[in-house]
Structure formats: C-alpha cells, structure tokens
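Architecture at a glance
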Amino acid sequence: MKEIAIGAGIAAVLFLAIIGVNITPLLFVALLVGTFYYFTQSQAKVNFQEVGSKKTSSNPLSFDNIGGQDTAIKELQEALNFIIRAEEIGRMGIRPLKGVLLVGPPGTGKTLLARAAASYTSSAFIAASGSEFIEMYAGVGAKRIRRLFQEAKKKAVNEKKSTAIIFIDELEVLGGKRGSHTGHLEYDQTLNQLLVEMDGISQDHEHRILVIGATNRADLLDSALVRPGRFDRQVQVGLPDKKGRAKILEIHLKNKQVKDHSIIEEIARTTFGFSGAHLESVTNEAAILAMRENQKKIDMKHFNEAIDKVIMGEKLDRQISKEEISRVSIHESGHAIISETLEPGSLSSLTIIPRGKALGYLRKSPKDDQYLYTVEQLEKQIMISLAGAVAEEIKYGSKSTGAKNDFEQAWKAAREIVECGLSPLGVINTEDTPQELIYKQCKEIVARLEEKTRQLLTDEQEALLKLADYLIAEETIDRETFVQMMAS
Ligand code: ATP
C-alpha cells in the first residue's frame, strides 16, 4: 500500500513537471514530510532494538536461582500454568491470562522472576523498561509498543517456541494514570497502544504472549491496566526474611571461596531490611576486600566491612581536624554507652572512620528480624539516638550539627509512639487530631527521654570519656576490647 502511494505520487509529480508546472514547492514539502517520517520511524526502531538487546539474556535462569521469594514463585508458577496447560484451559472455556504484575521494592528479584518464568514455560523472552517508551514526539511510544509485540512474536518464531514473555520494568512510567502527565498526548497514546495490544492477545494465536510488568508503585497505575483481563494477577515480591537472605547469600557465594559457610546464618541475621541486590553486593564487596588483602578465602571480617560499605558507602579519605575527631569520638561513645546500658551485648563495633555521609558508626550485634515494637523498645531507640548529642553537651557544653540525622530518627520513633496509640493521648486518628497536639506530645516524649539519657550518661561519665579517648587513639574498637576496657 505504502509503495503504491509513493509510486503514484512520483508519477503525478513527473506528469506536472512535463506539462510545465513549477514543482519546486512540491519537492520541498515532500522532502520535509519524508525527513519527518524517517525520523519518527528510526526513533521507534533504533531505541526499541536497544531495549530488546540490553536486557534480554540468553542465559536460562531457573526459579532455584532466586532466594527468599518462595510465595512469589508459587503464585507466579500458578499463573504460568495457564500458559503451560493452554489447550486444557481453552477447552474449559477459561479466559487466557494476559498479564502478571510483579509488585515490590527495587532489587528484590522481579526481573529474575520474569526471566525464570520464560525458562519455566519455555518461552521466548524480551524485556523493556517503561521509561524507554516515552519520547517527546507524540506517537513514537505507541509505535515502540507495537514493535515490542511484533519483536516478541518474531523471537518466538525464530526460537521455535509457541509462547513469548514480554517483560516491562518500571511499568508505572508508561502505565501511569491517564491525564496525570504534563505531556498528556504521548503518555496516553502509549498506554492506549499497550491496552490495545493486550486486548489483542488471544489463546488461538499461533504464538501466545504473556506480559509481565514490574513496578514498585502499583498505586500509580491506570485502573484500565489492572482491570480483569489485563494485568489481572498481582504477585507481591517483598524484601526477603532471614531464611530468604541466607538462601540468597548462598546463591551468590556459590562461585566464591568462603572460609566457613556456617557464618552465612549470622550474616543473614545482620542484614535485616536488605534486598537481594544489596546481598549480592555484600558478597561481591567481601570478595573484593579479601582479594585486596591477598587472602584466598573470604571471612567474617570481610563480610562485616562489606555490609558497612553497602549501608554507609565507601570509606572516605577526608582530613578531619583534631577538634572534630574529638567531638565525633565523644558523640559515638555516647551512642555506644547508652546502647550497652539499655541493651547489654548490643555493641558489635564502634568506629570514627568516616564512611559515606557519616563521621562515625556504631555497629550493633545482629538480632532476629523484628516487625513489631513496644513502647519500651521505641523509647530505647530514641535514647540511643539522642545519646550522641547529649554526650557532646556533657563534654563541651554544646551540641553540633552532627546530630541532625539522630534527631530525625528520634522524632520519627516518637511520632510512631503517638500515631500507634502508645502515648498518653491513647488511640488517635492522625487525620482528625490537630497537628499541634501530636507535635506537643512528640516534643514531650523526646524532652523526657533526653533528660533520662543525660542522667544515665552523667552517671557513666568516666566510661564515656575513657571510650572516647580510646577511639581518638585507635579509631575503631571491637566488642572484645570494649568488654575488657569496661571491666578494667
Ligand atoms: P528493580 O525494581 O530495581 O528493577 P528488580 O526487583 O527487578 O529491581 P533484579 O533486577 O531482579 O531486581 O535484581 C538485581 C540483582 O540482585 C540480580 O541480578 C541478583 O544478582 C540480585 N537479586 C535480587 N533479588 C534476588 C533474589 N531474590 N535472589 C537472588 N538474587 C537476587
């Protein structure tokens, strides 16, 4: 059709030239239209090919290589059985499954799950990211969506597979609520095209397609996208628990030399709140540290440092003045003494070596995963947070800006006490309670606990100063040395 139109156009222009009409303006317009057409076509083409090649991996990946996501894997497998048992499902008149949505924080393994889904169902796999569909030119995103679906079918044909899985990461970028973007038209057209393509998926097609979307903001998605018949299965991919973290560590340590595998349990305990990506980074950093020290095997010391690095960032070579070192030492000692007083055995190590944004760091001994807190536990947290600034005040008579982050944490915990109905205000509704009242209650909690911390630290002043002096001289103290020092 396109070719016939072009041919007819050329013939008409030639005819006009022969009968003596000036065709220069026509040629000029044709050139402009041609350039624009070529440009939009190449935009759709070039970028999409990048999309496909960047993330598509030919390495098959099985669900066994994914740790800490047993429930997500089970739910996903249930959905994937729709593809595996397609004929039976067709016979029963069950509507085919078109989309599965993976919802969870970054780095928890959503991409891995999609890749494993492709291996599990023996499907062709193609991946793209939502942000790669959005351009400033209206229509380009929609074209890329069409190409993505065409590519998926082509890939299935080439690989002689009857199914294809399209994985779209950051789905909220292209599937956000319609009308919520400033450049409405392009976003809306792109999303509409995705809806059209998904509606076109049919069980009878020779090459069936399943779309797997991933997002960490399911609340931002357009309701048309998540309605039954489109992404109608949601699988939660959360942060791993302790057992899951141990499994992920084992997966990533398989190709590394570890001195003693029994320490994996302890590392898993220490890394509450870490995602799979964090844990992979810990194993990698630990191996790098062992290599730097010319060690053949990774031991606990390397893991501890790797965890600090992943939490706080790289050690800094910052030049710090003597006065600042002294202030940081007393500040960190304050945290440590209160932590040990309120939770004996909690100090694992203490350092004043700057790392990332922190000038010092108290590392606590690993505890089991905790999801619920009592008021006593929250109050202890507040006191430990406030202890740095209070210790500075005891020694220098003044606080410093170094406590900003501590105060934020203390305030957050105080707010938690109030909002969870654990304060003298009792059970409250945060929306209906005047902010002034909540503020006053938080202030009262923080002030009371600050005073309590001051009393405790004043009683322990001798230990506080001794520990600070040690840090000034040695920069770091481990648990063993700390216990010996406090006993002497
Ligand atoms: P994002 O939302 O940022 O795209 P994601 O949830 O898709 O992240 P992945 O890309 O799947 O996360 O994971 C990144 C890397 O982290 C993986 O390549 C893997 O090394 C590691 N990883 C994450 N989760 C797991 C897991 N559950 N088991 C094993 N490794 C994991």
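Because the structure is predicted, anything quoted here is derived from the model rather than measured. (Residues numbered from 1 in each chain as written. Predicted model: local features only at pLDDT ≥ 70, side-chain atom pairs only at ≥ 80, totals over all residues. Heavy atoms only, no water.)

1. A few points about the sheet that holds strand S8 (residues 476-478)
Worth spelling out the cut-off: Strand pairing is defined by DSSP finding a minimum of two bridges between the two strands. The helix count covers DSSP runs of H or I at least four residues long, the strand count covers runs of E at least two residues long, and both are numbered beginning at the N terminus. Axis definition: a line fit to C-alpha positions, over the contact stretch in the case of helices; interaxial angles, taken between N-to-C directions, run 0 to 180 degrees.
The strand order across the open sheet formed by three strands is S7-S6-S8, and the pairing between neighbours is antiparallel. Of all strands in the sheet, those bounded by a partner on one side alone are strand S7 (361-364) and S8. Each adjacent strand pair in this sheet contributes to an overall mean axis angle of 15°, direction not counted. Of the pairings in the sheet, the one linking strand S6 (residues 347-351) to S8 comprises three bridges and is antiparallel in character. Bridge assignment links Ser 349 to a residue of S8, and that residue is Asp 478.

2. A few points about the packing of helix H18 (residues 461-474) against helix H19 (residues 479-487)
The geometry of a pair of packed helices is captured by two quantities: the angle between their axes and the separation between those axes. Note the threshold: Put simply, angles under 35 degrees are roughly parallel, angles over 145 are roughly antiparallel, angles from 65 to 115 are roughly perpendicular, and the rest are oblique. Handedness of a crossing is defined here by the sense of rotation of the near helix relative to the far one, left-handed for an anticlockwise turn of less than a right angle and right-handed for a clockwise turn. Contact definition: two residues touch when any of their heavy atoms are within 4.5 Å. Classification convention: Asp, Glu, Lys, Arg as charged; Ala, Val, Leu, Ile, Met, Phe, Trp, Tyr, Cys, Pro as nonpolar; all other residues, Gly among them, as polar.
Orientation of H18 relative to H19, taken along the N-to-C sense of each, is 135°, at an axis distance of 11 Å. By the angle between their axes, H18 is oblique relative to H19. Pair H18 / H19 crosses with right-handed handedness. Every residue of H19 that contacts H18 at Ala 463, Lys 466, Leu 467 and Tyr 470 is listed here: Thr 481, Phe 482, Met 485 and Met 486. Taken together, the residues of the contact of H18 with H19 sort by class into six nonpolar, one polar and one charged.

3. Some words on the nonpolar core
Soluble globular proteins: nonpolar side chains tend toward being buried together. Operational definition: Each nonpolar core is a collection of buried residues, namely Ala, Val, Leu, Ile, Met, Phe, Trp, Tyr and Cys, held together in the definition by side-chain atoms within 4.5 Å. Between buried and exposed lies partly exposed: a residue is buried under 20% and exposed over 50% of the maximum accessible area for its type, with that area taken using a 1.4 Å probe on protein chains only.
If you look at the biggest cluster of nonpolar residues, it comprises 39 residues, and the most contacted ones within it are Ile 338, Leu 350, Ile 382, Ile 445, Leu 457, Leu 467 and Ile 477. When contributions to this core are tallied by element, the ones reaching two or more residues are helix H14 (322-342), S6, helix H15 (375-396), helix H16 (404-419), helix H17 (435-459), H18 and H19. Of all the elements, H15 adds the most residues to this core, at nine residues. Apart from the residues within four sequence positions on either side, Ile 445 is in contact with Ile 382, Ala 414, Ile 417, Val 418 and Ser 423. Grouped together as the second largest cluster of nonpolar side chains are 28 residues, Ile 145, Ile 166, Leu 195 and Ile 209 included.

4. Some details on the site of the ligand
Using the following cut-off: Only a single heavy atom is needed: when it lies within 4 Å of a molecule or strand, its residue is near that molecule or strand. Here a polar contact is taken to be a pair of N or O atoms separated by no more than 3.5 Å, where protein atoms must pair a possible hydrogen donor with a possible acceptor and residues adjacent in sequence count only if both atoms sit in side chains. Using a 1.4 Å probe, accessible areas were evaluated by the Shrake-Rupley method; residue-level cover was limited to the displayed protein chains. Where each domain begins and ends follows an automated or database-derived domain assignment.
Taken together, 17 residues form the shell around the ligand, and within it Gly 67, Gly 107, Lys 110, Thr 111 and His 252 come nearest. Separating an oxygen atom of the ligand from a backbone N or O atom of Thr 108 is a distance of 3.1 Å. Side-chain polar atom of His 252 to a nitrogen atom of the ligand: 2.9 Å apart, as the coordinates give it. Protein chains bury 78% of the 630 Å² of accessible surface belonging to the ligand in isolation. Counting only elements with at least two residues in the shell around the ligand, the list comes to helix H5 (110-120), helix H10 (242-253) and helix H12 (276-292). In the shell around the ligand, the residues fall into five nonpolar, nine polar and three charged. Both of domain 1 (52-236) and domain 2 (242-312) provide at least three residues apiece to the shell around the ligand.

5. Details of the environment of Ile 330
Within the element layout of this structure, Ile 330 appears in helix H14. For the pair Ile 330 and Gln 257, spaced 73 residues apart in sequence, the C-alpha to C-alpha distance is 39 Å. Apart from residues lying up to four places away in sequence, Ile 330 is in contact with Ala 391, Glu 392, Lys 395, Tyr 396, Leu 464, Leu 465 and Ala 468.

6. Re the domain arrangement of the protein chain
We count it as follows: Here the buried area means the combined drop in accessible surface, using a 1.4 Å probe, for two parts upon being joined, counting both sides. The term salt bridge refers to a side-chain nitrogen of Lys or Arg lying within 4 Å of a carboxyl oxygen of Asp or Glu.
The domain boundaries assigned to the protein chain delineate domain 1 (52-236), domain 2 (242-312) and domain 3 (322-487). Centre-to-centre separation of domain 2 and domain 3, based on C-alpha positions: 28 Å. Listed as interface residues are 13 residues of domain 2 and, on the opposing side, 13 residues of domain 3. Taken together, the two surfaces of domain 2 and domain 3 that pack against each other cover about 1,200 Å², and 49% of this comes from carbon and sulfur. Among the residues of domain 2 in contact with domain 3, Arg 269, Phe 272 and Met 312 are the three that bury the most area, contributing 52% of the side total. On inspection of domain 2 and its partner domain 3, the count reaches three salt bridges. Applying the counting criterion to the domain 2 and domain 3 interface returns five residue pairs in polar contact (both at pLDDT 80 or more). Elements that contribute at least two residues to the side of domain 2 that touches domain 3 include exactly H10, helix H11 (264-270) and helix H13 (300-312). Per-element accounting of the side of domain 2 that touches domain 3 gives the leading share, seven residues, to H13. Counted by class, the side of domain 2 that touches domain 3 contains four nonpolar, two polar and seven charged residues.

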